[in-house]
Amino acid sequence: MEEGKAVSQSVQESAAAYRVIQEQFGAAVSAFDANETMPFFEVVATGRWVEIALFMRDHAKLKFNSMACLTGADYPAENKVGIICNFESLALLGHKVAVKLKCDRTGGSLPSLSCLWHTANWHEREVFDLFGITFTGHPDLRRILCPDDWEGHPLLKDYKVQQSYHGIKVPY
Amino acid sequence: MQELDTVGQGSVRVTRKSDKLVILEKDLATEQMVLAMGPQHPSTHGVLKLECLTDGEVITEAIPCLGYLHRCFEKCCENVDYPAIVPYTDRLDYLSGMNSEFAYAMAVEKLLDLEIPRRVEFIRVLVAELNRIASHLVAIGTYGIDLGAFTPFLFCFRDREIILGLLEWASGARMLYNYIWIGGLANDVPTDFSKRVREFVNYFRPKTVELQNLLTGNEIFLKRTYGIGIMPAEVAINYGWSGPMRRGSGVKWDLRRNDPYSIYPELDFNVAVPDGKNSVIGDCLSRHLVRALEMEESLKIIEQCLDKMPSSEGFNSRSAIPKRIRPKAGEVYSRAENPRGELGFYIESDGKSTKPVRCKARSSCFVNLSAMKDLSKGQLIPDLVAIIGSIDIVLGEVDR
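Residues numbered from 1 in each chain as written. Chains lettered and ligands numbered in written order. Predicted model: local features only at pLDDT ≥ 70, side-chain atom pairs only at ≥ 80, totals over all residues. Heavy atoms only, no water.

**Student:** Just checking my understanding: could you explain the layout of surface pockets for this structure?
**Tutor:** Think of a ball as big as a water molecule: rolled over the atoms, this probe shows where empty space is left. Its boundaries defined by the atoms lining it, the second largest pocket holds a volume of some 410 Å³. In terms of lining, the second largest pocket is formed by 18 residues, of which the most central are A:I144, A:L145, A:C146, A:P147 and B:L66. For the lining of the second largest pocket, the leading source of residues is strand β5 (residues 58-65) of chain B, giving three residues. Of the residues in the lining of the second largest pocket, the class split is 12 nonpolar, two polar and four charged. (1 Å grid on protein atoms, 1.4 Å probe; cavity = no way out; pocket = protein on both sides within 12 Å on 5 of 7 lines; lining within 4 Å. Points joined across faces, edges and corners; volume = space filled by probe spheres on them. Helix = DSSP H or I, 4+ residues; strand = E, 2+ residues; numbered from the N terminus. Nonpolar A, V, L, I, M, F, W, Y, C, P; charged D, E, K, R; others polar.)

**Student:** Sorry if this is basic, but what is going on with unusual backbone geometry here?
**Tutor:** Residue and element names in this part refer to chain B. One non-glycine residue, C72, lies in positive phi territory at about 55°. With respect to the element layout, C72 can be found in the loop between β5 and α1 (73-77). The exposure class assigned to C72 is partly exposed, which follows from its relative accessible area of 35%. One non-glycine residue with positive phi stands out, namely N178, at about 50°. Residue placement: N178 occurs in the loop between α5 (151-171) and β6 (180-181). (Buried < 20%, exposed > 50% of the residue type's maximum accessible area, 1.4 Å probe, protein only.)

**Student:** Looking at this structure, I do not really get the pairing of strand β4 (residues 96-104) of chain A. What am I missing?
**Tutor:** Residues and elements named next belong to chain A. Counting buried residues in β4 gives seven out of nine residues, a clear majority hidden from the surface. In terms of strand pairing, strand β1 (residues 40-42) meets β4 through three bridges, oriented parallel. Its bridge partner being in β4, F41 is matched across the sheet by V99. Of the strand pairs in this sheet, strand β3 (residues 80-88) and β4 are connected by nine bridges, and their pairing is antiparallel. (Pairing = 2+ DSSP bridges.)

**Student:** Help me understand the interface of chain A and chain B, please; the structure alone is not making it clear to me.
**Tutor:** Where the parts come together, the accessible area they lose is often given as the size of the interface. Chain A puts 41 residues into the contact, and the matching count from chain B is 39 residues. In this assembly, chain A packs against chain B so that about 3,200 Å² is buried in total across both faces, 56% of it on carbon and sulfur atoms. Of all residues in chain A, A:H118, A:W122 and A:L145 bury the most surface against chain B, accounting for 22% of the area lost on that side. Taken together, the connections running from chain A to chain B amount to six salt bridges. Among the ionic pairs, A:K100 bridges to B:E331, the shortest N-O distance being 2.6 Å. Taken together, the elements giving at least two residues each to the side of chain A that touches chain B come down to β2 (66-75), β3, β4 and α3 (119-131) of chain A. Here the element with the most residues in the side of chain A that touches chain B is β2(A); it accounts for eight residues. (Contact = heavy atoms within 4.5 Å. Buried area = accessible area lost by both parts, 1.4 Å probe. Salt bridge = Lys/Arg side-chain N within 4 Å of Asp/Glu carboxyl O.)

**Student:** What exactly am I supposed to notice about empty space enclosed by the protein here?
**Tutor:** Residues and elements named next belong to chain B. Under the counting rule described, the total for this entry stands at six cavities of 30 Å³ or more. Here the largest cavity is characterised by a volume of approximately 60 Å³. As for the largest cavity, its lining consists of I140, T208, L211, Q212, L215, H288, A292, M295 and E296. Looking at the lining of the largest cavity residue by residue, the class counts come to five nonpolar, three polar and one charged.

**Student:** Please explain the sheet that holds strand β9 (residues 341-349) of chain B as it appears in this structure.
**Tutor:** All names here are of chain B. Read across the open sheet, the three strands follow the order β8-β9-β10; overall the sheet is antiparallel. Bordering the open sheet on either side are β8 (330-338) and β10 (358-362), each of which pairs with just one other strand. Averaged over neighbouring strand pairs, the angle between their axes works out to 10° when direction is ignored. As paired strands, β9 and β10 are joined by five bridges and run antiparallel to one another. Bridging from a neighbouring strand, E348 pairs with R358 of β10. The sheet strands contacting helix α3 (residues 97-112) are β8 and β9, and the helix crosses β8 at an angle near 150°. (Axes fitted to C-alpha atoms, helices over the stretch in contact; angles between N-to-C directions.)

**Student:** In this structure, what is going on with the side chain of A:N86? I would like to understand it.
**Tutor:** With respect to the helices and strands, A:N86 occurs in strand β3. Excluding residues within four positions of it along the chain, A:N86 makes contact with A:M38, A:S66, A:M67, A:A68, A:C69, A:V97, A:A98 and B:Y333.

**Student:** Quick question: what am I supposed to make of the state of the cysteines here?
**Tutor:** The term disulfide refers to a covalent linkage connecting the sulfur atoms of a pair of cysteines. With the rule as written, the count across this model stands at zero disulfides over all chains. Not engaged in a disulfide, the cysteine A:C146 finds its nearest cysteine sulfur in B:C72; these two sulfurs lie 6.8 Å apart. Of the residues examined, A:C146 reaches a relative accessible area of 9% and is grouped as buried. Of the cysteine sulfurs around B:C72, a residue in no disulfide, the closest is that of B:C76, at 6.0 Å. (Disulfide = S-S within 2.5 Å.)

**Student:** Which parts of the structure should I look at to understand a nonpolar patch on the surface?
**Tutor:** A contiguous nonpolar surface patch, about 280 Å² in accessible area, is contributed by B:I145, B:F150 and B:L154. Residue B:L154 is classed as partly exposed on the basis of its relative accessible area, which comes to 45%. (Patch = residues over 30% accessible without salt bridge, like charges linked within 9 Å, V, L, I, M, F, W, Y side chains within 5 Å. Areas by Shrake-Rupley, 256 points an atom, 1.4 Å probe, with all protein chains shown as cover.)

**Student:** Please explain the packing of aromatic side chains as it appears in this structure.
**Tutor:** Aromatic ring pairs are defined here through the distance separating the ring centres and the angle between the ring planes. In the structure shown here, the tally under the stated rule is 17 aromatic pairs over all chains. Note on B:W169 and B:F193: the rings are 6.0 Å apart at their centroids and 45° apart in plane angle, and the pair reads as tilted. Of the two residues, B:W169 sits in helix α5 while B:F193 sits in helix α6 (residues 193-216), which places them 24 residues apart along the sequence. The partly exposed category is assigned to B:W169, whose relative accessible area is 33%. Judged by relative accessible area, B:F193 falls into the buried class, the value being 0%. In this structure an aromatic cluster arises from ring pairing among A:W49, A:F64, A:F87 and A:W117. Sitting over the ring of B:F157, B:R160 keeps its end group 5.3 Å from the ring centre. The ring centre of B:W169 lies 4.5 Å from the NZ or CZ of B:R196, which sits over that ring. (Phe/Tyr/Trp six-rings, centres within 6.5 Å; stacked < 30°, edge-to-face > 60°. Lys NZ or Arg CZ within 6 Å of the ring centre and 35° of its normal.)

**Student:** Is there a simple way to think about the pattern of salt bridges in this case?
**Tutor:** Pairing is possible between side chains of opposite charge, provided their charged atoms come close. Residue and element names in this part refer to chain B. Tallied over the entire structure, the rule returns 40 salt bridges over all chains. Residue R132 is joined to E129 by a salt bridge in which the shortest nitrogen-to-oxygen separation is 3.0 Å. Placement of both R132 and E129 in helix α4 (residues 118-146) is noted, with a separation of three residues, approximately one turn of the helix. For the pair shown, R132 and E129 are each scored as buried. The partner of R158 in a salt bridge is D159, and the shortest N-O contact between them spans 3.1 Å. By relative accessible area, R158 is classed as partly exposed at 36%. For D159, a relative accessible area of 4% puts it in the buried group. If you follow the salt bridges from partner to partner, you end up with E129, R132, R247, D254, R256, E294 and E337 in one network.

**Student:** Got a minute to help me understand the pairing of β2(A) in this structure?
**Tutor:** Residues in a regular strand point their side chains to alternate faces of the sheet. Residue and element names in this part refer to chain A. In terms of residue burial, β2 counts as a mostly covered element, since 10 of its 10 residues are buried. The pairing of β2 with β3 spans nine bridges and is classified as antiparallel. Within β3, the residue paired with G72 across the bridge is I83.

The structure is reproduced here in structure tokens:
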């Protein structure tokens with residue numbers, strides 16, 4: 001964002017929502033990144049994620065009733081993988097915010113949100129499938145897009161495709 | 001009433017012979033049966049497999065199995081330049097390629113902070129709405145077929161053909177257009193395009209009524225959809241449903257109106273929601289009605305676009321397209337109202353590369369389909385077909 005350019009209204013709304021969360025949870029969340037394209041904050045204390053998410057869903061000033069999207073991401077430079085969740089208070093307060101979480105690249109796990117938003121169920125399965133993040137408390141954590149006996153997690157940056165699958169040559 | 005000797009475990013099968021009930025079979029097993037529906041099944045609209053646990057004809061659980069059409073869209077995106085992703089987006093929801101391209105182009109433009117010429121915006125909305133009608137025609141036509149009505153399907157495809165012809169005229173392709181580029185369009189629309197589109201609108205308006213009468217005036221169609229697969233509004237939002245599915249549950253919320261993009265704020269149209277007079281809010285029939293109503297709203301939007309569109313004089317559809325697309329470091333989550341719901345793109349750029357670090361498509365069908373397990377519980381097998389049809393999935397977008 002250019003210097004001096006007015007912060008748009010939607011970012012101000014997101015910032016206001018962030019302040020409510022920050023007041024409640026303090027150091028568990030990082031500082032707010034007020035960029036124009038996708039304002040976000042990070043949850044540092046990933047263990048409290050379900051608690052924070054429940055607060056976001058049910059607090060009268062937040063009311064994030066809809067989880068629009070849950071994306072996985074790979075950060076090889078930090079040796080981390082993570083998720084980005086886009087929340088919206090749909091037809092209620094109208095504000096949006098994105099939340100990021102990171103965990104270890106090998107054997108990392110994050111708490112599952114499928115108990116709060118149904119949307120999270122399949123999206124977390126997809127992230128598990130493509131990035132290998134385990135979601136603790138997920139009711140049915142199986143691969144969703146790749147076959148059950150596929151090797152590796154394709155969207156990791158250092159992914160090498162397996163040579164053969166049930167006798168079929170894979171890489172071409 | 002005669003006494004039947006039904007002593008034993010499980011059910012019996014009886015028949016009537018000259019006013020007498022005769023037992024044909026006894027001790028029938030009543031354990032659950034697994035019924036695999038698909039991936040090669042005409043009513044699953046593509047390669048979807050449903051593993052149904054059934055108790056007689058009642059479904060106790062239907063588990064969708066996907067991935068048969070998974071083609072690593074997101075991995076492909078990390079290996080090609082930004083403009084080269086546009087043709088891939090066509091292949092997500094192949095029934096509404098224009099809308100997918102539109103959504104993707106907008107996401108990258110947000111990252112680039114690009115200003116788009118006004119005529120480009122009008123043409124984009126025009127072709128996207130034409131494509132929306134074409135897509136809804138397939139949805140409605142195939143839904144009729146699912147429920148045993150063959151004629152509407154032929155009517156739908158006859159009219160869809162005209163739209164495909166128009167879009168082919170503009171872009172050169174019938175389904176996979178590669179027409180909306182980042183910052184502009186592949187080319188301007190042909191000279192007489194507006195005239196032909198207007199002709200189509202005038203032709204199609206009475207046809208929507210005809211089509212509507214064919215289906216919602218049909219007793220069988222009504223019986224098969226009325227009160228089936230009801231989804232309450234709260235649960236629909238919690239499931240992340242979007243588009244006609246969410247509006248079918250009575251949530252009057254449309255991205256084009258409530259979080260508008262492009263030139264939609266200047267256009268006048270209604271957000272279609274069922275009124276609850278002819279259908280139960282949230283049932284299969286409501287979702288069908290929303291699609292039918294939306295086609296009429298799209299016609300309105302198309303007419304307004306034609307009226308308000310700036311002239312083509314001195315217009316270059318590629319004038320705003322950057323020579324080299326390399327967005328500054330950052331992320332964007334941008335979405336658009338597609339015929340099947342919200343298509344969102346999450347794109348991350350590192351500011352150095354001409355390729356995205358991460359590009360995720362938030363598919364509306366994927367999210368809509370995830371409610372299948374809850375929707376199908378306790379339904380009859382034929383009703384399952386009605387429910388899948390009303391979700392209107394395109395497996396190209398579900399599996400990506």
